[in-house]
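# An overview of the molecular structure
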Amino acid sequence: MARDPRMAPPKGPRLASARPASGAAPDATSAGRIRFPFLHPDPDDAAPTAHRLLLALAVAGIALRLAAYLANRSLFIDEAALALSVRDRSLPDLLSRPLDYAQTAPAGFLVLLEASTGLFGESEYSLRLPALLAGVASVPLFALLAWRILPASGALVAVALFAFGRPLVYYSTEAKQYSFDVLFAAGILLLALPLWMRGVTPRRALALGVAGALAVWFSQPAPLVLAGVGLAFVASARYDRGDMRILLSRTAILWATSGVLAVAWTLVMYTPESGEYMRYYWRNGFFPLFPTDAREATWLLVALATFGFDPLGINLPFVPLVLAAFGGAYLLRTHRALLWLAVAPAMLALAASAFELYPFGRNEPDFHALSGRLLHFLVPGALLLVGAGASALWSKPGARTRRLVFVALAGSIGSTVAATVFDFPYTRHEARGVLREVAERRVAGEVVFVDYRAQHYFRYYAPELELDRGPIRWGGCHNASLRNYVAEWEALRPYGRAWLVTSNETKVQKRIWRAYLAWTAAEELRIAAPAMEARRVRIAFPRTGGIPETAFRPVDSPSRDLELSCSGAWKRQASPAPVLSADYERRRGHLP
């Protein structure tokens, strides 16, 4: 019979389990919730209210995800690049060779994408359906996890941040695998808890083993979560030989077998060229073991602050860090196994980052960058620490402390809700609307020039909008040879008038394009949307004077970086130069 938590002795009660834990540990009630010893227990009459609030937060989180899905925003560039492989390949081809445009995705997720588009047709809705289902399922799963571990106040704080976190809502409706990272991370932690709370049994060990064996096929960072759970088991050192035999036979073997197969498949799908491009793209996300300058010396601090922005989605990133620190300090004194469960995956991710095996985000403290997508698997553990720290500080005596905690929590939760609600529905790139207007305004015979950064969108939407029925010129990436951009635009001259479709032009491209317009072209119409533009231009014969040399000022980057910036997702052959008339060739001498 479980003891009343209000009767717990001050030095840490035992864990309600099949065997006593070594060291102090939280108490457990009959409902299976772990109680922290020094926190004031929730009054009995407050439990129904806490349940209702928790349910309301979970419903709100699910409603936000459904609303974002129904908003049906245009595909983001990574979605479009992955969707092209799904659309243009059969399932065996999809799983047997590297994806196009340096995309990566787990095998299970690719199967779900293929099944969804096969059942419901090719559309944004069908492409995003698997991510939506995972995002919706993760909300009640995390709410259950928080309720089992934390006091009511801490559970409400953690679930509120989880339900309204903008990155979590956004990636629940993006045709990428990141919502599965959150789902399986929360699920693995939830299945691991009973082994501490109630003891090791073959059935519980098998459930954890099966879940982990599935996770590695749907979530790329799942091995880090599984390794963290295994490390927590070893660090807790509270199991006898019988327990370890059960864990090895039911859990570890399943994890190891499935993990080895998943890693082998991933290596087959990964080319050395795409690996080099990925290391270049995520270069700021690798932990510098031996810092050589101030930026590297402060790398970890910036990385943690960036983690508060994304994936947690909090505009006051240091508040959750402070709360997580208090929660971690308390668990260190009371129940280290739970602390290991929460932080071990993050420690392993940092270690992998130091060896350039897995980036710890992109280290960009920009709330709108959404660059922490690879760290979504750390969100459940991080928010559990935040909730534990909030409850710990709130329970301390003194009105001043409570006021400070209230202000910090109100600011964190308020900023999270505000960023989510006021920025809804999170349109990052709106290619579909721009391309639809180009299709409506385009005159027969007009050429469309597609910049290399807009090609993923154009290739996906062009068949639907019938933009592929006229002349199309494909631009290339020429960061290492800037004059080639002008050569591509000059090849449009025989057409007289052209549409230029661009997306997120670099500063150098914008500079050269402005100089080219001033020299030889005139903009007649401009259609703009977030990160996407289309211009109809009339190209005349060049004026005298040429393009200023300052327009071709090179980027201050190593030549190898310039080459890598045009590889991976941007590696695509540009259109060959057309056969030009003799009259045009005689006049072409104006080109500098």
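In what follows, the structure referred to is the one given above.
Below, the structure is looked at part by part. Numbering of residues starts from 1 in each chain and follows the order in which that chain's sequence is written. Whole-chain, interface and lining totals are the exception, using all residues; otherwise, since this is a predicted model, local features are given only for residues with pLDDT of at least 70 and side-chain atom pairs are given and counted only at 80 or more. Processing note: side-chain calculations cover all non-hydrogen atoms of the structure and skip hydrogens and water entirely.

### So, the pattern of salt bridges
Oppositely charged side chains can form a pair if their charged atoms are brought close together. Just to be clear on terms, a salt bridge is a Lys or Arg side-chain nitrogen sitting within 4 Å of an Asp or Glu carboxyl oxygen. Counted under the stated rule, the structure contains 16 salt bridges. Arginine 373 is paired through a salt bridge with aspartate 78; the nearest N and O atoms lie 3.9 Å apart. In this pair, arginine 373 is assigned in the loop between α16 (336-354) and α17 (379-395) and aspartate 78 in helix α2 (residues 77-88), connecting sequence segments 295 residues apart. Since its relative accessible area comes to 7%, arginine 373 is described here as buried. In this structure, glutamate 524 and arginine 536 form a salt bridge, with 3.8 Å as the shortest nitrogen-oxygen distance. Highlighted residues: glutamate 524 in strand β6 (residues 521-529) and arginine 536 in strand β7 (residues 532-539), separated in sequence by 12 residues. In this text, helices come from DSSP runs of H or I with a minimum length of four residues, and strands from runs of E with a minimum of two, each type numbered from the N-terminal end. A 1.4 Å probe rolled over the protein chains alone gives each residue an accessible area, and that area as a share of the maximum for its type sets the label: buried under 20%, exposed over 50%, partly exposed in between.

### Some words on the environment of alanine 232
Along the chain, alanine 232 turns up in helix α10 (residues 222-236). Taking the C-alpha atoms as reference points, alanine 232 and tryptophan 340, separated by 108 residues in sequence, lie 4.9 Å from one another. When checking whether two residues touch, look at their non-hydrogen atoms; a contact exists if any pair is within 4.5 Å. Excluding residues that lie within four positions of it along the chain, alanine 232 makes contacts with Trp196, Ala337, Trp340 and Leu341.

### As for the sheet that holds β7
Pairing between the strands of a sheet is mediated by backbone hydrogen bonds and can be parallel or antiparallel. Strands sit in the order β4-β3-β5-β7-β6 across an open sheet of five strands; the sheet is mixed. This sheet does not close on itself; its edge strands, each paired only once, are β4 (472-474) and β6. On average, each strand axis in the sheet is tilted by 20° relative to the strand beside it, whichever way the strands run. Where helix α20 (residues 455-465) meets the sheet, its contacts fall on β3 (447-450), β4 and β7, and the angle it forms with β4 comes to roughly 150°. The rule for pairing is simple: two strands pair if DSSP sees at least two bridges between them. Lines fitted to C-alpha atoms define the axes, with helix axes restricted to the stretch in contact, and inter-axis angles between N-to-C directions lie between 0 and 180 degrees.

### Concerning the pairing of β3
The alternating pattern of β3 places Val447 and Phe449 on one face and Val448 and Val450 on the opposite face, and all of these are buried. Summarising the sheet, β3 and strand β5 (residues 497-502) pair through four bridges and their orientation is parallel. The residue bridging valine 448 from the neighbouring strand is tryptophan 499, located in β5. As paired strands, β3 and β4 are joined by three bridges and run parallel to one another. The partner of valine 448 across the bridge, within β4, is isoleucine 472. By the criterion used throughout, a crossover qualifies as right-handed when its path from the first strand across the helix to the second strand runs clockwise, the strands pointing away from the viewer. For the crossover that starts at β3, traverses α20 and ends in the parallel β4, the hand is right-handed.

### Description of the pairing of β5
In terms of residue burial, β5 counts as a mostly covered element, since five of its six residues are buried. The sheet contact formed by β5 and β7 spans six bridges and is antiparallel. Residue tryptophan 499 lies in a different strand from β7, and its bridge partner there is arginine 536.

### Quick notes on the side chain of arginine 442
In this fold, arginine 442 is placed in the loop between α19 (431-441) and β3. When charges are tallied, Lys and Arg are placed among the positive residues and Asp and Glu among the negative ones, while His and the ends of the chain are skipped. Among buried Asp, Glu, Lys and Arg side chains, arginine 442 stands out as unpaired, with glutamate 446 the closest opposite charge at 5.6 Å. Side-chain atoms alone can form a polar contact between residues adjacent in sequence; in general such a contact is a pair of N or O atoms within 3.5 Å, and within protein one must be able to donate a hydrogen while the other accepts it. At 2.9 Å, the side chain of arginine 442 forms a polar contact with the backbone oxygen of glutamate 446. Among the polar contacts made by the side chain of arginine 442, one reaches the main-chain carbonyl oxygen of proline 471 at a distance of 3.0 Å. Sequence-distant contacts of arginine 442, defined by excluding residues within four places in its chain, comprise Val448, Leu467, Gly470, Pro471 and Trp499.

### Here we look at the environment of tyrosine 170
Inspection of the secondary structure puts tyrosine 170 in helix α7 (residues 166-171). Tyrosine 170 sits 250 residues away from threonine 420 along the chain, and the two C-alpha atoms are 9.1 Å apart.

### Brief notes about a nonpolar patch on the surface
Each patch is built from residues that are more than 30% exposed by relative accessible area and take part in no salt bridge. Like charges join if they lie within 9 Å; nonpolar side chains (Val, Leu, Ile, Met, Phe, Trp, Tyr) join within 5 Å. Residue exposure ignores everything except the shown protein chains as possible cover, and the areas themselves are Shrake-Rupley values with a 1.4 Å probe. A grouping of Leu206, Val210, Leu214 and Leu254 is seen on the molecular surface, where their side chains present a nonpolar patch of about 300 Å² in accessible area. Top element by residues in the nonpolar patch is helix α9 (residues 202-215). It accounts for three residues. Turning to its location among the elements, leucine 254 is positioned in helix α11 (residues 241-268). The exposure class of leucine 254 is partly exposed, given its relative accessible area of 30%.

### Some points on the nonpolar core
Nonpolar side chains tend toward joint burial in soluble globular proteins. Definition of nonpolar core: a set of buried residues of the types Ala, Val, Leu, Ile, Met, Phe, Trp, Tyr and Cys, connected through side-chain atoms within 4.5 Å. Ranked by internal contacts, the top residues of the largest apolar core, which has 171 residues, are Phe142, Leu341, Phe377, Leu435 and Tyr516. It is helix α8 (residues 178-197) that contributes the most residues to this core, 14 residues altogether. Among all residues touching leucine 435, those that are not within four sequence positions of it are Tyr457, Phe458, Tyr461, Leu465, Leu467, Val501 and Met532.

### Some words on α10
Take the residue count of a helix, subtract one, and multiply by 1.5 Å to get its expected span. Given a rise of 1.5 Å per residue, 15 residues ought to cover 21 Å, and the 21 Å separating the end C-alpha atoms of α10 matches this to within 8%. Those residues of α10 not exposed but buried are Ala222, Leu224, Val225, Leu226, Gly228, Val229, Ala232, Phe233 and Ser236. Tucked into the core, α10 has its buried residues touching α8, α9, α11 and α16.

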